[in-house]
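Each chain, written out:
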Amino acid sequence: MSFVHLHLHSEYSLLDGACRLKDLVKSVKDKGQTAVAVTDHGNMFAAVDFFIEAKNAGIKPIIGCEVYVAQRTLRDKTTQFDYNPYHMILLCKNMTGYQNLIKMVSIAWTEGFYRKPRIDEELLEKYHDGLICLSACLAGRIPREILSGNLDEAYKKAEYYNSLFGAGNFYLELQNHGIKEQQTVNNALIRISRDLKIPLAATNDCHYIDKKDSDTHNILMCIQTNHTVNDNNRMEFPTDEFYIKTEEEMLSLFPDHPEAIENTALIAEKCCVEFEFGKTKLPHFEVPGGEDHFEYFKRKCYEGLYRHYGASPKPSVVER
């Protein structure tokens, strides 16, 4: 057995994650773990740097994202209904999944942004190939339905996501940070897992490297929310358990469900994204008349400049 962290926020979860990539990879390696995922909130800024750091350390990098899913559609932007999107973990199995994930994340920023960069289920239905989905933390759709007492709806969404991503590509996510609501959610998730034959996966929602870093992380949260550590109404995490834990610590949290630990390693085995460096990825552009690409681009720029501002003297030298 070998536990793998699949829900983790690096320094690129801005003013929320405190896991610096070098420290993250070192911590994972020191704990004897062979793979790790980075799933930053709503972005994939860390992907390339994380891939390089992990590969250099002999750790398998798993590329992912904790996306925000609009309650209705990504184009709906009404405070009463669309202020609080759901969370969802998406992990790339292959380059098809990577291309689909970066497509969705890009659309989330350019078309779905409303306080947060949001995708929606229509987008998931179009770009789900090559991805593994985890049901996320207490802010996930299924956990929220459970906590709202809508167990039937939780079952329906679990069936929907399992059908969408395909058997073996959707997991119900167990977490235990010492939060009362998590036990309620876990009990229901275990029941749904048994009834619908959907596998479990244990995660720890890492936001910092070591347990002692929780105070530093609270300061980060204060900066994010414009508060000080002395404010009584400041936002803070309810416990100091959001760190990179060992396999033994994770097993102790879920003694009755070791399969949820084992499944993290199985998921890691399925995720095989490889970046190729040193090769231009830009598509070839056919220039009319066989003109030099640089000269064609320069000419089109001047034409646009003249068209917008009117004729003006042409600079004698343009550096490549």
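Before any of the text, the structure's been laid out above.
Residues numbered from 1 in each chain as written. Predicted model: local features only at pLDDT ≥ 70, side-chain atom pairs only at ≥ 80, totals over all residues. Heavy atoms only, no water.

Q: Before we move on, can you summarise the pattern of salt bridges with the specific residues and values?
A: Charged atoms that come close allow side chains of opposite charge to pair. Counting across every chain of the model gives 20 salt bridges. K26 is paired through a salt bridge with D30; the nearest N and O atoms lie 2.8 Å apart. Taken as a pair, K26 and D30 lie in helix α1 (residues 21–30) at a separation of 4 residues, close to a single helical turn. Considered together, K26 and D30 belong to a single accessibility category, that of exposed residues. Via salt bridges that share partners, E291, R299, K300 and E303 belong to a single interconnected network. (Salt bridge = Lys/Arg side-chain N within 4 Å of Asp/Glu carboxyl O. Helix = DSSP H or I, 4+ residues; strand = E, 2+ residues; numbered from the N terminus. Buried < 20%, exposed > 50% of the residue type's maximum accessible area, 1.4 Å probe, protein only.)

Q: Can you break down the side chain of S193 residue by residue, with the values?
A: Along the chain, S193 falls in helix α8 (residues 180–196). Those residues within four positions of S193 in sequence are excluded, and the remaining contacts are L172, I198, P199 and L200. (Contact = heavy atoms within 4.5 Å.)

Q: Kindly report on the environment of F113, identifying the contributing residues and their values.
A: Among the structural elements, F113 can be located in the loop between α4 (95–110) and β4 (118–119). A relative accessible area of 36% places F113 in the partly exposed class. Along the primary structure F113 and R75 are separated by 38 residues, whereas in three dimensions their C-alpha atoms are 8.4 Å apart. Not counting residues up to four positions away in its chain, the partners in contact with F113 are K77, A108 and R118.

Q: Kindly report on helix α7 (residues 151–165), identifying the contributing residues and their values.
A: Within an α-helix, residues lying three or four positions from one another point in the same direction, as the helix has 3.6 residues per turn. Its 15 residues give α7 an end-to-end C-alpha distance of 21 Å, which sits within 8% of 21 Å, the value for a rise of 1.5 Å per residue. Turning to α7, its buried residues are A154, Y155, K157, A158, Y161, N162, L164 and F165. Among the structural elements, β3 (86–92), α5 (121–127), β5 (131–134), α6 (141–147), β6 (170–174) and α8 are those in contact with the buried residues of α7. In the stretch just after α7, G166 is the one whose phi turns positive, near 95°. (Expected span 1.5 Å × (residues − 1).)

Q: Run through the nonpolar core, naming residues and quoting values.
A: With 65 residues, the main nonpolar core has L24, L90, L101 and I142 as its most contacted residues. In contact with I142, not counting residues within four places along its chain, are S135, A154, K157, A158, Y161, F170, L172, L189 and I192. If you look at the next biggest cluster of nonpolar residues, it comprises 15 residues, including V4, L91, A136 and A201. (Core = buried A, V, L, I, M, F, W, Y, C linked by side-chain atoms within 4.5 Å.)

Q: Explain the environment of I132 to me, using residue names and the numbers behind them.
A: Inspection of the secondary structure puts I132 in strand β5. Separated by 20 residues in the primary sequence, I132 and D152 place their C-alpha atoms 24 Å from one another. Discounting chain neighbours no more than four positions away, the residues touching I132 are I89, L90, L91, K93, N169, Y171, I267, K270 and C271.

Q: Give me the lowdown on the packing of aromatic side chains, citing residues and values where you can.
A: In this structure the tally under the stated criterion is 11 aromatic pairs. Taken together, a centroid distance of 6.4 Å and an interplanar angle of 85° make the contact between F275 and F277 edge-to-face. Since its relative accessible area comes to 46%, F277 is described here as partly exposed. In this structure an aromatic cluster arises from ring pairing among F51, Y98, F275 and F277. (Phe/Tyr/Trp six-rings, centres within 6.5 Å; stacked < 30°, edge-to-face > 60°.)

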